[in-house]
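Here is what each chain is made of, one letter per residue.
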Amino acid sequence: MLEIKDLHVCVEEDGTEILKGVNLNVNAGEVHAIMGPNGSGKSTLSKVVAGHEAYEVTKGDILFEGESILELEPDERAHLGIFMAFQYPVEVPGVTNKNLLRQAYNTIARKRDWEELDPLQFEDYAMEKLELVDMNPEFLERSVNAGFSGGEKKRNEIFQMAVLNPKLSFLDETDSGLDIDALKTVAGGINQISNEGNAVVLVTHYQRILDYVQPDKVHVMINGQIAKTGDKDLAVKLEDQGYDWLTNEVASVSVNGEQQ
Amino acid sequence: MAKVKQQKDRTFLQDLLDFQGSLNGKSELLDEIRLKGAEGVKNTHFPRPKDEDWRFISLRDLYSDSFVLASDLEVEAPDLSDHYLPESEGARLVFINGAYSEQHSATDALSEDIVIGNIAQLAAEDNALLKEHLNQYADFEDDVFTSFNSAFLKDGAFIYIPKGKKVEAPVHLLFVQTDADRNYFSTSRSVIVADEGSEVTIVEDHIGLGNNKYFNLPVIELNLEQEAFVKHTKMQRESREAIHIARTGAYVAKHSNYESYTITRGAKLSRNEPRISQRDEEVQFTVDGLVLIDGDQVSDTHSVMDHRFPVADSHQLHKCVINDKAHSVFNGKIFVRRDAQKIDSFQENRNLLLSRKGLVNTKPQLEIFADDVVCTHGATVGQLEPDEVFYLKSRGLDEQQARELLVYAFALETIENITVDSVQKLLVDEVHKFTEKQLDSEIAV
């Protein structure tokens, strides 16, 4: 579904290189976790896949279902079925969740050949999805993220994901700042949404969400590269030993001029 | 033909005085106010660039041209039906270039105990209520424009809502300025009196039909008696070459509630001066504003919330969206007089700059002489956040939808409380049109 090939990315404003040759394959039906220390480039990778304009791809490619998406605007990527849950969801006072999501849903529906929903149909549809993240129906009427607690914002992201039914979801530190109950709720939502036809990439600092969402693959990102790929056990090892042993490995790999 | 022209004060005043006399002789009441107005103009001066209250804007456009009186123009009756509000059928007064238009007005939906009509007409009939209330509530001290308006006093709306009367239909005051081949001066004075326990909604609507230059100087006075509730929406959509200088004076009595929303979209230069004065204890008032300007528009709001007695709950949210080289000025004064305790006053001016060349001057100003008060005030100037746009685009909205939604969201807060559906819809459309237009021009994020 997603193929990232030798992706090099720098910050457009000052040219700082953040991603230095990332390779990643994600297939339909898979859950991946990308872990790594602060500043390793995990969040940047999510934003680049979603199309954030602050970053410039200087080399490599991102293929979604076999086609390069580098030239596509963020909304065009969303229309293809790419979704990103934000680490810091934006507050939009004055626009209700319901209105934003119905507009978003119907825009995507037109592109993905789903039936568009009128306000009543949409409300029914959204109510079902609210249950996945254990949210009160009044969330639909509230302004997008305005005055939401940190946990509510994260749940709202998963709710949006459920409503927009993406093929590929990048969840950028959706687990951070959640207490254990909220974490379970969010994880439960992710589990119910993921199926054979879609893929989820969890970008996270911590191993603990992986107790509730079973990843097929765990990647460690260090200094703008995927330093190691493994299974769930890798996450456990990272939790115990930290990232230092990998930092050294990356350094030696770079000397040999190889990627991954 | 009278010319209104500023040349070191002298010509402006001379022309005014020359003309002022010709209006007299039909009503003693009006003659007296005009005379006082003309004297008031003589005793002060038109704003100079160094005057503190005028230092951010230039009146060059007003002074550099001459203006004929609107009454010197020949005007064909325009078709205004597109501008009527469905909720106000039979509750509408129309003024064309400041002159009352009987053929466009209709007040048959309002019950007979409500006094509503044109000031000149009511003055000719020696109406006692008019005499009691006219020129009582626009006490803008030493203000040359209020005096100027008085000196030309003739037409305008007078509305008196009797005790306990709750008027269902919003009253539409439609002030239309026509296209013309000459610059003209247009003025009107309106008075709204809500007696004890009455309720009424007023939609003050200024529309320019062409793209021509004119100077419009409307003054509106309001008096809210005990427990009266008045909702006042002012929409200003003058011609893009027009100068709109307006005064709104409101007095609020015990347990009354005055809610006003002023929307500024038109005019090359506009200046609003709302002044709300407490006449007794325990009042509520709201003086919210929304300004949407682009091109070379200048919009200036100088407001006064005058807390003279204990216990008031006052609110002012003034929001501006500025694009291109437009310039927004806000000066909001909050007075809390001595012994006016238990005042809870909120004031905020928020500005959204869509371009690099837009300009904002903002000055919230508190003068508090009581000690048991809660006054919050603040001002912000910001831009559309790229991260907000990205967030919405990542949800599938395109650039235009995302920007529209964000500007709409910014603006909505000031218009969502407007209860006349067609007005709210019209304003939402205006916001959308404004935003769409911005996408055609260069946008700086």
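Fair warning: this is a prediction, and the values are worked out from it, not measured in the lab. (Residues numbered from 1 in each chain as written. Chains lettered and ligands numbered in written order. Predicted model: local features only at pLDDT ≥ 70, side-chain atom pairs only at ≥ 80, totals over all residues.)

**Q** Where do I start with the overall build of chain A in this structure?
**A** Helices and strands together make up the secondary structure of chain A, namely eight helices and 12 strands. Relative to its length of 260 residues, chain A is compact, with a C-alpha radius of gyration of 18 Å against a globular reference of 18 Å. Across its three principal axes, chain A shows a C-alpha extent of roughly 60 × 40 × 35 Å. Residue burial in chain A is summarised as follows: out of 260 residues, 44% are buried. Across chain A, the fraction of contacts at a sequence separation of at least 24, relative to all contacts at a separation of at least 6, is 71%. (Helix = DSSP H or I, 4+ residues; strand = E, 2+ residues; numbered from the N terminus. Rg over C-alpha atoms; globule rule 2.2 N^0.38 Å. Buried ≥ 20, exposed ≤ 12 C-beta atoms within 10 Å, placed from the backbone. Contact = placed C-beta atoms within 7 Å.)

**Q** Before we go on, may I ask you to explain the overall build of chain B in this structure?
**A** Each helix and strand in chain B was counted, giving nine helices and 21 strands. Relative to the compact-globule value of 22 Å for 445 residues, chain B shows a C-alpha radius of gyration of 21 Å, a close match. If one aligns the C-alpha atoms of chain B with their principal axes, the spans along those axes are about 70 × 50 × 45 Å. Per-residue burial over chain B gives 51% buried out of 445 residues. Once local pairs closer than 6 in sequence are excluded, the contacts in chain B between residues at least 24 apart make up 82%.

**Q** Just to check I follow, could you spell out helix H6 (residues 144-151) of chain B for this structure?
**A** Three or four residues apart is the spacing at which side chains of an α-helix point the same way, because the helix has 3.6 residues per turn. Counted residue by residue, H6(B) has eight buried out of eight residues, so it is predominantly covered. Taken residue by residue, H6(B) has Val144(B), Phe145(B), Thr146(B), Ser147(B), Phe148(B), Asn149(B), Ser150(B) and Ala151(B) as its buried positions.

**Q** Looking at this model, I keep getting lost on the interface of chain B and chain A. Mind explaining?
**A** The interface is formed by 18 residues belonging to chain B together with 21 residues belonging to chain A. Counting residues per element, the ones that place at least two in the side of chain B that touches chain A are helix H7 (386-394) and helix H8 (399-415) of chain B. Among the residues making up the side of chain B that touches chain A, the classes are represented as nine nonpolar, three polar and six charged. (Nonpolar A, V, L, I, M, F, W, Y, C, P; charged D, E, K, R; others polar.)

**Q** Got a minute to help me understand the sheet that holds strand S11 (residues 229-237) of chain B in this structure?
**A** By way of backbone hydrogen bonds, the strands of a sheet pair with one another, either parallel or antiparallel. Residues and elements named next belong to chain B. Strand order in the open sheet formed by 10 strands is S4-S3-S7-S9-S11-S13-S15-S17-S19-S21, and the pairing between neighbours is mixed. This sheet does not close on itself; its edge strands, each paired only once, are strand S4 (99-100) and strand S21 (373-382). By the bridge criterion, seven bridges tie strand S7 (residues 171-177) to strand S9 (residues 199-208) in an arrangement that is parallel. Directly across from Gln177, in S9, lies its bridge partner Gly208. Along the sheet, H8 makes contact with strand S13 (257-264), strand S15 (283-293), strand S17 (312-322) and strand S19 (343-353), crossing S17 at roughly 150°. (Pairing = 2+ DSSP bridges. Axes fitted to C-alpha atoms, helices over the stretch in contact; angles between N-to-C directions.)

**Q** Help me understand unusual backbone geometry, please; the structure alone is not making it clear to me.
**A** With glycine set apart, most residues show a phi of negative sign, and most peptide bonds adopt trans. If you check the backbone angles, Asn145(A) has positive phi at about 60° while not being a glycine. The phi torsion at Ala267(B) lies on the positive side, around 75°, for a residue other than glycine.

**Q** Please clarify how the pairing of S9(B) should be interpreted in this entry.
**A** Sheet faces and side chains relate simply in a regular strand, where the side chains alternate between the two faces. Residue and element names in this part refer to chain B. Across the 10 residues that make up S9, a large majority, eight, are buried. The sheet contact formed by S9 and S11 spans nine bridges and is parallel. Residue pairing for S11: Asp205 is matched across the bridge by Met235.

**Q** Teacher, can you tell me more about H8(B) here?
**A** Residues and elements named next belong to chain B. Over its 17 residues, H8 extends 24 Å from the first C-alpha to the last, a length consistent with the 24 Å expected when each residue adds 1.5 Å. Along H8, 12 of the 17 residues are buried, which leaves the element largely enclosed by surrounding structure. For H8, the complete set of buried residues consists of Ala402, Arg403, Glu404, Leu405, Leu406, Val407, Ala409, Phe410, Ala411, Leu412, Thr414 and Ile415. (Expected span 1.5 Å × (residues − 1).)

**Q** Would you explain the sheet that holds strand S1 (residues 2-11) of chain A in this entry?
**A** Residues and elements named next belong to chain A. The four strands are arranged S2-S1-S4-S5 in an open sheet whose pairing can be described as antiparallel. Sheet topology places strand S2 (17-26) and strand S5 (67-68) at the edges, where each strand pairs with a single neighbour. Sheet topology places S1 next to S2; seven bridges connect them, and they run antiparallel. The residue of S2 that forms the bridge with Leu2 is Val26. Seen against the sheet, helix H1 (residues 42-50) touches S1, S2 and strand S4 (55-64) and runs at an angle of roughly 70° to S4.

**Q** Please explain the pairing of S17(B) as it appears in this structure.
**A** Residue and element names in this part refer to chain B. Counting buried positions over the 11 residues of S17 gives eight, a clear majority of the element. For S15 and S17, the ladder comprises nine bridges, and the chain directions are parallel. Considered in S17, the bridge of Phe285 is made with Ser314. Relative to S19, S17 runs parallel, the two sharing 11 bridges. Within S19, the position partnered with Ala312 by the bridge is Ile343.

**Q** Just checking my understanding: could you explain the confidence of the model for chain B for this structure?
**A** Caution applies to low-pLDDT regions: their predicted coordinates should not be interpreted in detail. Residue and element names in this part refer to chain B. Residues with a pLDDT of 70 or more make up 94% of chain B, whose mean pLDDT is 91. Segment residues 5-11 is flagged for pLDDT under 50; beyond a separation of four residues in sequence, or across chains, it makes 10 contacts in the model. Contacts for the low-pLDDT stretch residues 441-445, under 50 throughout, to residues beyond four places or in other chains number eight contacts. Interface predicted TM-score (ipTM) for the complex: 0.92; the corresponding pTM is 0.83. (pLDDT = per-residue confidence, 0-100.)

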